[in-house]
Each structure stands twice: as C-alpha cells, then as structure tokens.
Amino acid sequence: IVTRDICHSNECVAEVDCTSDATICNTVTNAAGDALSLCDNNKCVAPASCTQSDASNCTSSTPVCKDTTCIANSCTASAQCDSVVSGASGSIVTRDICHSSECVAEVDCTSDATICDNVTNAAGQALSACTNNKCVAPTTPACTQTDASACTSSTPVCRDTTCIANTCNTSAHCANTVSGNSGSIITLDICYSNACVAEVDCSSDATVCNGLSNVAGNALTQCDGSKCVSPPVTCAQDNASACIGNTPVCKNTTCAANTCVVSVDCQQVVSGNGSTLATLNICHEGQCVAEVSCTTTANCAGVITSIQKALSECTDSKCAAPASKSCQDDNAACTDIFEPICASGSCRGCESDTECTDATKSKCDVQGHCVKNLDTQKGEADTLEGQAASKPPAELKTKVDEIADAAFADEVPSSASQEIMNTLARSVKDNVTAVSDTDGVTSLVGSLTKISGETKHLTNDALTNLSEAVTGLAEKVIATASLTFTTAQKDNVATALADTITGAKDVLPTVSAQEAQFKKVTSTLTQLGTALLKDITDTTIATLNNTQIKASFTRRTPAELAGATTCPGSDATSGTNCVKLPTNGLSTKLEAGCTGSTKKPEFHVIASSYNEFGSSANADDKVNGGAQKISVFCVDTGDNSKDEITVSDLAAADGIKFTREATAGQYVDANSCVFWDASGNGSWSTTGVTGVVAADKKSVECTTTHLTTFSTYDDSTAPTTTPDETTSGNLMTLINSILALVAVFAF
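Owing to the predicted nature of the structure, the values given are computational and were not obtained by experimental measurement. For every chain, the first residue of the written sequence is number 1, and numbering continues from 1 along that sequence. At least 70 in pLDDT is required for a residue's local features to be given in this predicted model, at least 80 for side-chain atom pairs to be given and counted, and no such filter applies to totals for whole chains, interfaces and linings, which use all residues. Hydrogens and water molecules were not included; the side-chain quantities draw on all heavy atoms of the structure.

Trainee: Where do I start with the overall build of the protein chain in this structure?
Mentor: Along its length, the protein chain carries ten helices and 45 strands. Accessible area is worked out with a 1.4 Å probe on protein chains only. A residue is then buried under 20% of its type maximum, exposed over 50%, and partly exposed in between. When each of the 747 residues of the protein chain is scored for burial, the buried share is 44%. Of the contacts made within the protein chain by residues no fewer than 6 positions apart, 52% connect residues no fewer than 24 positions apart. In DSSP terms, a helix is any run of H or I states spanning at least four residues, a strand is any run of E spanning at least two, and both are numbered starting from the N terminus. Note on definitions: a residue-residue contact is assigned when non-hydrogen atoms from the two residues lie within 4.5 Å.

Take a look at the structure:
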C-alpha cells in the first residue's frame, strides 16, 4: 500500500522530487499540515527538530540546528548564524561566525592574520585579532557593570567585564551592556539601529516603537510622547499575577515599576496573587515593601505606612505599630485615628461606613480610618480639571482654594484626599495655556502654592504635576514678550516658589527623596527666574527669610563689590554666614565677564543664599549645617538681559573669605573647607579652597579662589583628607542653585 498524503500538481502523491529544483519544496505540505520544506536525497521532507543543547538529530544534509530546526549550513553574514549550534548533548558547539559561506565556531588565521580583519560574530563583535592561530576579539580594557570609564571611543560600551564596539542585531545581544562611569552608569538594554541604547526617542515617529523590546523581553511598543515604553498591563488589587519584569507590582489597576519616594506613593500597591498576595504599603530604600526588618526600635524610626501610620516598634524582627489600645463597649477610648473602632475589647480600624458614626468623618477609608466624605469635592475637582485649559487663572485659583479648604482639613490623608490633590495638580498644569498676562501668572503661582502647602495630602505624583506646571509657565513667560512684571508681582512669585520648595521638603523626609524631586524642578525654576529677570530696572534689595533658606540680592557697581561683605537674609551686609569679597582682582574679572554685553553694564547683581538642609537628614553626612552659594550676574542696562559670571582663577591672596564654626562636639582642620564640584557626577572638593584653623580647632577661616557653592566638613575627629561625596551635599547644592536664581524674582 502507498500513502498519498501530499497534493502536488493537482494530484495526491506519496513524495515530491526536488532533484532539479530544491525550491520546489518551499510550499510543500502534507495532509497533517507538516511543512516538507527541506530537499534531502532529492525528496521534499520535513526538517528534523533539535534544541540549543542537543543537535544530534541533524544529519549530513542539514547538519546544524538554528533555534529548534535542523538546516543546511549556509550563510552570507554572521547575523544569520545567531542561535546556530551543532553536536550532541554535552558536546554542543556554538557556530556564531559566518566564514566561507558557512556558520563556524572559529576561524583559523595560521597562514594569514589579515583574514581576521573583517570577521565578526553574530552579536556584531569584531574578532579582528589573530591570537593562538584563531580570530578573537582584540584585547580591550577591563570594565565593570558599575564603571565603564575605561571604555574609549572605538570600544565605548562595557559588556560583562570587557569594553567592546557598540553593535547588536537583537536586544538579547545587549545583555549586561552599560556605559558611563561610577555614579552615572547607563544600562543599554535595547537594540535599536544596530546599537545598544538606553531608550528610543519616538517624538517624531511613534512607529519606531513597533516590535521594540528590551533584554528582559518586555515589549516597548507604546510611545508615551517622547520615549518607547512598555504598554500598561491591567491588574487588580486581589490579583497582580500579570505584573512581571520591569513592572512587577500592581498600582491601582495598572502594572508599574516598583519605585517610590515616600510611603504615600505606595497607596494601593500590591504584588502576587492568592496565597502570595502582598500589600506593599511602606516605602523603604526606594521600593514599596510589605514589611521592614529590624533588630532594635531605632531601626524603625521614620518608618510609616502609606497613610502615615507609624511603625515605630520592633516586634518579632519587624517594624510594627504599637499594640492596639484596650477598650470597653464604645469608641471613647479609641483615640488613635488609625484605630477608631472598639471591637472585642480592643481598638481596630473601621471596616464599613456604618461604623464611622462621627458626622464629620462618616466615610471608612480603604486604609481603615474614618475620614470626611469627599465625594462632593472629588466631583468638583474632576469638573475643574475638565475646564482648566480654558478657565481664567484667577477663577481657577478661587475654585482651587475652595476645594482645597474643604478637602484637606482632615488631620490625616485619605485615598480620596490624595486623589483630589493629584486632580488639582493636573488642573494647575493644564491652566498654563490660559495664562495671558502678569495677573494670570500671579494667580497660577498662587494655585501652585495653595496645593504644595497641603503637605499632609501631597503625593509624589502631585509634585511631578506641579513641576510640569512650572515648566510650562516658564516657557510661556519666556515666549511672551508682553509679559513684564512689577516688583511686587515678582516678589510674590519668589515667595510662592520658595514656599513650594520648603513644602516639598516637608513631604519628602529622606535625602534621596528630596534630591529626586529637586532635580526635576531645578531647571524649570531657573528658566522661570531668567524670564522674570528680563526687566530689572531698579535698585531694590531683595531678601528671603525662609525657615530653611535665606537669601539676599543686591545691586552694586563693580567698584562697590571690591572688599564688600555680603550675607544671606534680611540684612545683606552683616549677620551670620557672611562672605568677605576681595579688595583686589575681583572687580577686574567681573568686568571681563561682561564683555559679551551690547553695552558696558552699570551694575552687577550679587546673590548670596544659604540653606540648612543637611546632617540632620542623613547621619552619614559630615557637611556642617548647610551650604552657601555666591553668584554674580552681569546686567545689561540696554536690554536688561543678565548673565551669571564665572570666576575661577583669583589669586590665592585675593580670594573670597568665609568663616565657619564646627558643630558642637566636633572639630575642623585645614581640609574642612570644601566646595561643590558639579563636574561629572558632582562631589565636594578642596581644589582652590584653603583653610586657616583656630587653635582650638572649633572654627576655620576658608579662602576660595572662585565663586562657588561652599560648606565645611566636621567630624568627631578632624578629617585629614578630602571627604567622601555625600548625597545630601549634592542636594544642598541643587537647592541653593535653585534659590540663587529663583529668589531674584524680586528684581
């Protein structure tokens, strides 16, 4: 009997002859749907299957395995040899080089070393060196996954521990590929245009994201407006099993990256499913977690949940809330706002609205405490957001004030109050389009200040929206020539933005959190400050006396700057943290710094600012108290433009002097004087800064040869080497840089 299970030339046949034309097999299938696409011994047959760890099924006519199929060994480029192997289990050979039209494991260069000049492997790596008679990758500098600074222009990226050329065919080739130096390392996990990159820009063409993925296999097929990102994956609060890879947690109903700045960012964040379901309502070391380990109560200082419930005790090696109070038959003894209900002899959180009997707090929040019913305010906020783009800024401010006063009166945040906060922040951002005059700018900044002042309900998402509002406002002011400001208006703007900064500090208690947010707003506030400075016409002295931040801004001629003393705060010429400018050299260099102006300037603006963010926020920070920045601006009296002047090479004898005292119980030495070097990743440095120490080592007079952001170090023993870089030092400089430009709004 003959089985005729192939349709060929309109007849059922048992086999198809491919002696004269092997391509005839390309479209041949049998009744079972098996592709008979291989011409073997003059007959069309199904190619044999194989794996990347066992290619023993591959015969002489199809001797190699590509992916899971035995194929003929032929190629025109090494990219075609990706995932090509041969051999049986235990003796598998990777054939990732195309040479002489075949995929091979290596190329012999015994007789001719130049044969290696054009040899590459499937990953695109050049094998241009002839070593031990084989073509191999040339010897390159060693690097690590945290420091690729040794990698030069010809081999600019680090893969594993070797500097290589940046080439790839698929994102899988970009595994363990990084660039940059220690502290600013960049992960290049996407293959795009045959190079490993960190991100793909889709601002001009969203279709570039089609089919894009990263090393982890996450699809990056959605254009968020400028970058290709993973499309959102839906999830539920009782099932986050769909959340994997770079988006491992469920936030509300969407899979998201597990990052946070403060615990309020961890509201409605869960992971897992069923028995593995976990509520991640604590922000710890930048991630939302379910619990924080501890050995002593001190480890739990500052640990709070997403509703600001303190987990201040160490119980069974985990940070936990203090034990619930005992109670009788009513709620009178349950004074803890997080446990307002008496049940079975102890206080607990509410479980339904009916348990919240206080008419002013009749809603049981998802976190278990009784809060004000904010359904009305939520509806009003949603309506306002829909109107924000066209609503006059003054009207929007009135409505923002009204909703905020009603929604944020509660002593603790609720999911509803934080949702309203985010909605109002988006409304302020959208309202930028409606600004058309200086009164509109003032109103919008007033709305911004109102929201940022409600720190108990402020979330990181809201701060991000407010930052974007400032960005849009800066662009609007810069682009609109008719927007000029009175001194009073600029003073109001300066005060409002300073209040926003300190309001943000209150809701962002950790150094890393502050740094993350202030990095977002630094450039945008600087933009707005530059725009508002375009019409300096008077000699007003502006000052800022915030709790953490003090600044002074004075207009002086170059001659008046020689030997002058400048101090932050309400008295610009005396008080604490004053700086003595040199009598010789400085004014000449400042004059030289203004050579680009259309007219020789008649005056400079000198800005002196000081802030007290510092060691209290970080036990490892040895910076003494705070940091100070001195800035001088050249102002053109022709067009009122201004430029900050750089002075970096004063003679040591003509340096800028300041005196600082050590913290109580600490000491200083000649190396205690430091400035913030913003180059690279930024660090405190002693370059160009010297110190003369008092006999008791309790104070030091510092001299710097450049305009700078400076501070001093102290420790339990006087430091003798340049102190290590600190995160909070970076933050202090960022904040001072903001204020040195922003607070001059008062001009």
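Trainee: Is there a simple way to explain the sheet that holds strand E16 (residues 186–187) in this structure?
Mentor: Within a sheet, adjacent strands bond to each other through the backbone by hydrogen bonds, running parallel or antiparallel. Only strands joined by at least two bridges in the DSSP assignment are considered to pair. Within the open sheet, the four strands sit side by side as E14-E13-E15-E16. Their pairing is antiparallel. Single-partner strands in this sheet number two, and they are strand E14 (162–164) and E16. Of the strand pairs in this sheet, strand E13 (residues 157–159) and E14 are connected by three bridges, and their pairing is antiparallel. In the strand pairing of E14, Cys158 is matched with Cys163.

Trainee: Quick question: what am I supposed to make of the sheet that holds strand E5 (residues 64–66) here?
Mentor: Across the sheet, which stays open at both edges, the four strands sit in the order E6-E5-E7-E8 with antiparallel pairing between neighbours. One side of each edge strand has no neighbouring strand; the edge strands of this open sheet are strand E6 (69–71) and strand E8 (93–94). With three bridges connecting them, E5 and E6 associate as antiparallel partners. The residue bridging Lys66 from the neighbouring strand is Thr69, located in E6.

Trainee: Can you help me understand the nonpolar core in this one?
Mentor: One broad rule of soluble globular proteins: the nonpolar side chains tend to lie buried together. We call a set of buried Ala, Val, Leu, Ile, Met, Phe, Trp, Tyr and Cys residues a nonpolar core when their side-chain atoms join them within 4.5 Å. Within the largest apolar cluster, 29 residues are counted, with the highest numbers of intra-cluster contacts made by Phe408, Ile420, Leu424, Ile451 and Leu458. For this core, the secondary structure elements donating two or more residues are helix H1 (375–387), helix H2 (393–407), helix H3 (415–430), helix H4 (438–452) and helix H5 (460–479). In terms of residues, this core owes the most to one element, H5, which gives six residues. If we ignore the near neighbours within four places in the chain, the residues touching Phe408 are Ser417, Ile420, Met421, Leu424, Glu454 and His457. If you look at the next biggest cluster of nonpolar residues, it comprises 22 residues, including Ile656, Phe658, Cys673 and Cys702.

Trainee: I keep staring at the pattern of salt bridges and nothing clicks. Help me out?
Mentor: Side chains that differ in sign of charge can pair as their charged atoms come close. Think of a salt bridge as a Lys or Arg side-chain nitrogen and an Asp or Glu carboxyl oxygen that are within 4 Å of each other. A complete count under the given rule lists 18 salt bridges for this structure. Here Asp382 makes a salt bridge to Lys378, at a shortest N to O gap of 3.2 Å. Note that Asp382 and Lys378 are positioned in helix H1 at a spacing of four residues, about one turn of the helix. Of the residues examined, Asp382 reaches a relative accessible area of 36% and is grouped as partly exposed. Glu402 serves as the salt-bridge partner of Lys399, at 3.1 Å between the closest nitrogen and oxygen. With Lys399 and Glu402 both in helix H2, this residue pair falls three residues apart, about one helical turn. Residue Lys399 is classed as partly exposed on the basis of its relative accessible area, which comes to 24%.

Trainee: Explain the state of the cysteines to me, please; I cannot follow it from the model alone.
Mentor: Here, disulfide denotes a covalent bond that connects the sulfur atoms of two cysteines. When two cysteine sulfur atoms lie within 2.5 Å, the pair is treated as a disulfide. One pass over the full model with this rule turns up 25 disulfides. Covalently, Cys350 is tied to Cys364 through a disulfide, its sulfur atoms 2.1 Å apart. The chirality of the disulfide connecting Cys350 with Cys364 is right-handed, given an S-S dihedral of about 100 degrees. Of this pair, Cys350 sits in the loop between strand E30 (346–348) and strand E31 (363–364) while Cys364 sits in strand E31, and the two are 14 residues apart along the sequence. A single burial state applies to Cys350 and to Cys364, both of which are buried. Free of any disulfide, Cys7 has its nearest neighbouring cysteine sulfur in Cys12, separated by 5.7 Å. According to the relative accessible area criterion, Cys12 is exposed, its value standing at 52%.

Trainee: I tried to follow the side chain of Lys391 on my own but got confused; where do I start?
Mentor: Secondary-structure assignment places Lys391 in the loop between H1 and H2. Discounting residues that sit within four places of it in the chain, Lys391 has contacts with Leu384, Leu396, Asn431 and Ala434.

Trainee: Is there a simple way to think about the confidence of the model for the protein chain in this case?
Mentor: The predicted coordinates should not be examined in detail at positions where pLDDT is low. pLDDT is a per-residue confidence score from the predictor, ranging from 0 to 100. Of all residues in the protein chain, 74% have pLDDT values of 70 or greater, and the mean over the chain is 76. Mean pLDDT values for the elements of the protein chain range from 32 in helix H10 (residues 727–742) up to 95 in strand E2 (residues 11–13). The low-confidence segment residues 599–622, where pLDDT is below 50, has 116 contacts with residues more than four positions distant or belonging to other chains. Low pLDDT (under 50) marks residues 718–747, which in the prediction has 121 contacts with non-local residues, meaning those over four places away or in another chain.

Trainee: Sorry, what's going on with the layout of surface pockets here?
Mentor: Using a probe with the size of a water molecule, rolled over the atoms, empty space left in the structure can be pinpointed. Space inside the largest pocket adds up to approximately 820 Å³. Both cavities and pockets are sets of points on a 1 Å grid over the protein atoms alone; in a cavity a 1.4 Å probe fits but cannot get out, in a pocket the set is open with protein on both sides within 12 Å along at least five of seven lines, and lining residues sit with an atom within 4 Å of a point. The wall of the largest pocket is formed by 26 residues, among which Lys251, Ala256, Ala257, Thr259 and Asp461 lie closest to the centre. Among the elements that make up the lining of the largest pocket, the one with the highest residue count is H5 (five residues). Under the grouping applied here, Gly and all other residues not named as nonpolar or charged are polar, the nonpolar ones being Ala, Val, Leu, Ile, Met, Phe, Trp, Tyr, Cys and Pro and the charged ones Asp, Glu, Lys and Arg. A class-by-class count of the residues in the lining of the largest pocket yields ten nonpolar, ten polar and six charged. Grid points are joined across faces, edges and corners, and a volume is the space filled by probe spheres set on the points.

Trainee: How should the side chain of Gln267 be read in this particular structure?
Mentor: Looking at the secondary structure, you find Gln267 in the loop between strand E22 (254–256) and strand E23 (269–271). For Gln267, a relative accessible area of 9% corresponds to the buried category.

Trainee: What am I meant to see in the packing of H1 against H3 here?
Mentor: The convention used is that axes are lines fitted to C-alpha atoms, helices contributing only their stretch in contact, and that angles between N-to-C directions extend from 0 to 180 degrees. At a closest axis distance of 9 Å, the pairing of H1 and H3 adopts a crossing angle of 20 degrees. Considering the angle they form, H1 stands roughly parallel to H3. The hand of the H1/H3 crossing is left-handed. Each of Gln377, Lys378, Ala381, Asp382, Leu384 and Glu385 in H1 lies in contact with H3, whose residues at this interface are Glu419, Ile420, Thr423, Leu424, Arg426, Ser427 and Asp430. Our angle categories are set so that under 35 degrees counts as roughly parallel, over 145 as roughly antiparallel, 65 to 115 as roughly perpendicular, and the remainder as oblique. Take the far helix as the reference: if the near one is turned anticlockwise from it by less than a right angle, the crossing is left-handed, and if turned clockwise, right-handed.

Trainee: What is the right way to read the environment of Thr690 from this model?
Mentor: Tracing the backbone through its elements, the reader meets Thr690 in strand E43 (residues 689–693). Discounting chain neighbours no more than four positions away, the residues touching Thr690 are Ala670, Cys673, Glu701, Cys702 and Thr703.

Trainee: So what exactly am I meant to see when it comes to the environment of Lys698 here?
Mentor: Inspection of the secondary structure puts Lys698 in the loop between E43 and strand E44 (699–704). Considering only alpha carbons, one finds Lys698 and Ala662, 36 residues apart in sequence, at a separation of 5.2 Å. In this structure Lys698 touches Glu661, Ala662, Gln666, Tyr667 and Val668, once residues within four positions along its chain are discounted.

Trainee: What is the right way to look at the pairing of strand E40 (residues 656–661) in this model?
Mentor: Within a regular beta strand, the side chains point alternately toward one face of the sheet and then the other, so they alternate between its two faces. Here E40 shows one buried face, formed by Ile656, Phe658 and Arg660, and one open face, formed by Lys657, Thr659 and Glu661. Looking at chain direction, strand E36 (residues 579–580) and E40 are connected through two bridges and run antiparallel. The partner of Lys580 across the bridge, within E40, is Lys657. Two strands pair when backbone bridges link them, and E40 and E44 are joined in this way by six bridges, in the antiparallel orientation.

Trainee: Would you mind showing me how to read the packing of H3 against H4 here?
Mentor: Relative placement of two packed helices is described by the angle separating their axes and the distance separating the axes. As a packed pair, H3 and H4 sit with axes 10 Å apart at the nearest point and diverge in direction by 160 degrees. Here H3 lies roughly antiparallel to H4, going by the angle between them. Handedness of the crossing formed by H3 with H4: left-handed. Of the residues in H4, those in contact with Met421, Leu424, Ala425 and Val428 of H3 are Leu444, Ser447, Leu448 and Ile451. Grouping the constituent residues of the contact of H3 with H4 by class yields seven nonpolar, one polar and no charged.

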